[in-house]
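So the chains spell out like this:
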Amino acid sequence: MEINKTRRRKYRPLCAGLEVTLRCNMACVHCGSNATRSDRPGTLTHRDWLRVIDDLKAVGNRYVTLSGGEPFLYPRWRELVEHIRGRGMQANFISNGSLITEDDIVFMKSRGVQHVGVSLDGDEAVHDRIRRHPGSFAAIMRLFELGRRHSFPVHIVTSINKLNFPIREKILRVMLRENVKLWQVQVVNSFGRAGMLRGKLLLEPPQYVRLCDDILRWKKAYRRRIRIEPADSLGYCEPVTEELFGDCEWRGCNAGMYVVGIQADGTVLGCLSLQDKSFVAGNVKKRSLRAIWADDSAFAYTRRYDVSRMEGACGACASKRRCKAGCLGMAYSVGGSLRSNAYCYKTIVASGRHSSNG
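In this report, we go over the structure that sits alongside the text. (Residues numbered from 1 in each chain as written. Predicted model: local features only at pLDDT ≥ 70, side-chain atom pairs only at ≥ 80, totals over all residues. Heavy atoms only, no water.)

## What to know about the overall build of the protein chain
Helices and strands together make up the secondary structure of the protein chain, namely 17 helices and ten strands. The dimensions of the protein chain, computed from C-alpha atoms along their principal axes, are 55 × 55 × 35 Å. Going through the 358 residues of the protein chain one by one, you find that 55% of them count as buried. A fraction of 72% describes how many contacts in the protein chain between residues 6 or more apart in sequence connect residues 24 or more apart. Carbon and sulfur atoms form 49% of the exposed surface of the protein chain, whose accessible area is close to 15,800 Å². Taken together, the 58 basic and 35 acidic charged side chains of the protein chain have centroids lying 3 Å from each other. (Helix = DSSP H or I, 4+ residues; strand = E, 2+ residues; numbered from the N terminus. Buried < 20%, exposed > 50% of the residue type's maximum accessible area, 1.4 Å probe, protein only. Contact = heavy atoms within 4.5 Å. Areas by Shrake-Rupley, 256 points an atom, 1.4 Å probe, with all protein chains shown as cover. Lys, Arg positive; Asp, Glu negative; His and termini not counted. Charge placed at Lys NZ, Arg CZ, Asp CG, Glu CD.)

Right under this line is the structure:
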């Protein structure tokens, strides 16, 4: 019995993403979950969400991100924040930024919400084009002003794709102009609408390498002004990208080990970025989150990852035991496999596919 308890405690969902609704007032071209103005069938009740939050606390969670869809369309989001904070966990949001009012900012600050992460994907023309929502860029600029007025952190997440890759330096200048303190840069994968528009969105290998080089250059040049962090879709295990990640050494995908995602209908995934039924670990309407989390077989794709089955360049790589094919969302959505990842800085450079200036 003690052995089993120890095994169950081995993994803790330190970071949880709750898709409180799939509804969204936008229809972004790169949306991995294909959010629309409709919610998922069989969406969880508010009481269900409170129980999920209680279970997260029981299994060792520390940070809860409310996301969507657009989380500010969930009518009782303030009550969720109260419940999360009342259980001693940190709360934050990822949002498109268009619906947040000054009163919302005041409320979140008063309840100890860490920050709001807002998606910004270009200058005004490109951002509004990607978001398919005129005025969305202007709304984020107003949100920056509200954040400054109330000393509340507004962080930025940028998803780089073929549409905004040419203006990445312009996006950096927006960050510096608006005095953004944290900027997360990620690469669009091929789930959802991003997959349907893959040819128009997915970066070419030379662009991927150029982006990694750029981020490292920006980090060095502007380290006193802004913290720039690469997401898990960038890397891995190569001197340039090791420096890119800084103190955070890449040790393989954390989905289902230290990260968990719950969709609006109760579906449990190792990470909300893994938008495919093959990653479903269970549903909280049929089995408690605590029971699902204790089941190693439900998250076998990471907890029982078999390095000996890795393929191609990943299979031959000296770092394969540490890397485990990088971000599995990127690997699977692009290549349909968890055993290799074509979007790896080390692999691309070694193959010579990075020669284009991009």
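Structure shown, so let's carry the discussion forward.
## Side note on the sheet that holds strand β8 (residues 259-262)
In space, the ten strands of this open sheet follow the order β7-β6-β5-β4-β3-β2-β1-β8-β9-β10, with mixed pairing throughout. Two strands lie at the open edges of the sheet, namely β7 (227-230) and β10 (280-283), each paired on one side alone. Each neighbouring strand pair of the sheet contributes to a mean axis angle of 25 degrees, computed without reference to strand direction. As paired strands, strand β6 (residues 182-187) and β7 are joined by four bridges and run parallel to one another. (Pairing = 2+ DSSP bridges. Axes fitted to C-alpha atoms, helices over the stretch in contact; angles between N-to-C directions.)

## What about unusual backbone geometry?
Between glycine 68 and the following residue, glycine 69, the backbone shows a cis peptide bond with an omega angle of 20 degrees. Tracing the backbone shows glycine 69 in the loop between β2 (63-67) and α3 (77-86). Cis geometry is adopted by the peptide bond preceding tyrosine 236, which originates at glycine 235 and carries an omega value of 15 degrees. With respect to the element layout, tyrosine 236 can be found in the loop between β7 and α11 (239-245). The phi dihedral of arginine 132 is positive, around 55 degrees, even though this residue is not glycine. Positionally, arginine 132 belongs in the loop between α5 (124-131) and α6 (136-149). You will see that cysteine 237, though not glycine, has its phi angle at about 50 degrees, which is positive.

## Re the packing of α5 against α6
Running from N to C, α5 and α6 cross one another at 115 degrees; their axes reach a closest spacing of 8 Å. In this view, α5 runs roughly perpendicular relative to α6, as classed from their interaxial angle. Contacts between α5 and α6 involve Glu124, His127, Asp128 and Arg131 on the former and, on the latter, Ser136, Phe137 and Ile140. (Parallel < 35°, antiparallel > 145°, perpendicular 65-115°, else oblique.)

## Quick look at the environment of leucine 66
By the secondary structure assignment, leucine 66 is in strand β2. When its relative accessible area of 0% is taken as the criterion, leucine 66 is described as buried. It is 4.8 Å that separates the C-alpha atoms of leucine 66 and phenylalanine 93, two residues lying 27 residues apart in sequence. Setting aside its immediate chain neighbours within four residues, leucine 66 contacts Leu18, Val20, Pro71, Trp77, Leu80, Val81, Ile84, Asn92, Phe93 and Ile94.

## Let's talk about the environment of glycine 60
For glycine 60, the position within the fold is in the loop between α2 (46-58) and β2. As a C-alpha pair, glycine 60 and tyrosine 11 span 49 residues in sequence and 9.0 Å in three-dimensional space. If we ignore the near neighbours within four places in the chain, the residues touching glycine 60 are Arg12 and Leu14.

## With respect to the state of the cysteines
Cysteine pairs can be covalently joined through their sulfur atoms, and such a bond is termed a disulfide. A full pass over the atoms with the stated rule returns zero disulfides. Unpaired in terms of disulfides, cysteine 248 finds its nearest cysteine sulfur in cysteine 15, a separation of 11 Å. Here cysteine 271 stays unpaired: no disulfide links it, and the sulfur of cysteine 253, its closest cysteine neighbor, is 6.6 Å away. (Disulfide = S-S within 2.5 Å.)

## Observations concerning helix α4 (residues 102-110)
Given 3.6 residues to a turn, an α-helix orients residues that are three or four positions apart in the same direction. Of the residues making up α4, those classed as buried are Asp104, Ile105, Phe107 and Met108. For α4, the buried positions fall inside an angular range of 165 degrees around the axis, keeping them on one side. Glycine 112 sits one or two positions beyond α4 and adopts a positive phi of about 80 degrees. (Arc of directions from axis to C-beta.)

## Regarding the pairing of β2
Within a regular beta strand, the side chains point alternately toward one face of the sheet and then the other, so they alternate between its two faces. One ladder, built from five bridges, connects strand β1 (residues 15-19) with β2; its direction is parallel. Counterpart to glycine 17 in the pairing with β2 is threonine 65. Handedness of the crossover is the feature at issue here: the chain leaves β1, passes through α2, returns alongside β2, and the resulting connection is right-handed. Where β2 lies against strand β3 (residues 90-95), four bridges are found, and the strand directions are parallel. Looking at the pairing, leucine 66 lines up with phenylalanine 93 of β3. This β-α-β element, β2 to α3 to β3, shows right-handed connectivity. (Right-handed = clockwise from strand over helix to strand, strands pointing away.)

## Side note on the packing of aromatic side chains
Inspection of every chain in the model, using the stated rule, returns twelve aromatic pairs. Ring centres 6.2 Å apart and planes at 65 degrees place the aromatic pair tyrosine 11 and tyrosine 258 in the edge-to-face group. Taken together, the residues tyrosine 11 in the loop between α1 (2-9) and β1 and tyrosine 258 in the loop between α11 and β8 connect sequence positions 247 residues apart. On the basis of an interplanar angle of 45 degrees and a centroid distance of 4.8 Å, the ring pair of tyrosine 236 and tryptophan 250 is categorised as tilted. One end of the pair, tyrosine 236, is in the loop between β7 and α11; the other, tryptophan 250, is in the loop between α11 and β8, and 14 residues separate them in sequence. Note on accessibility: tyrosine 236 and tryptophan 250 belong to one class, buried. Taken together, the ring pairs connect Phe72, Trp77, Phe93 and Phe107 into an aromatic cluster. Residue placement shows arginine 168 over the ring face of phenylalanine 165; its charged tip is 3.9 Å from the ring centre. Over the aromatic face of tryptophan 293 sits the side chain of arginine 303, whose NZ or CZ is 4.6 Å from the ring centroid. (Phe/Tyr/Trp six-rings, centres within 6.5 Å; stacked < 30°, edge-to-face > 60°. Lys NZ or Arg CZ within 6 Å of the ring centre and 35° of its normal.)

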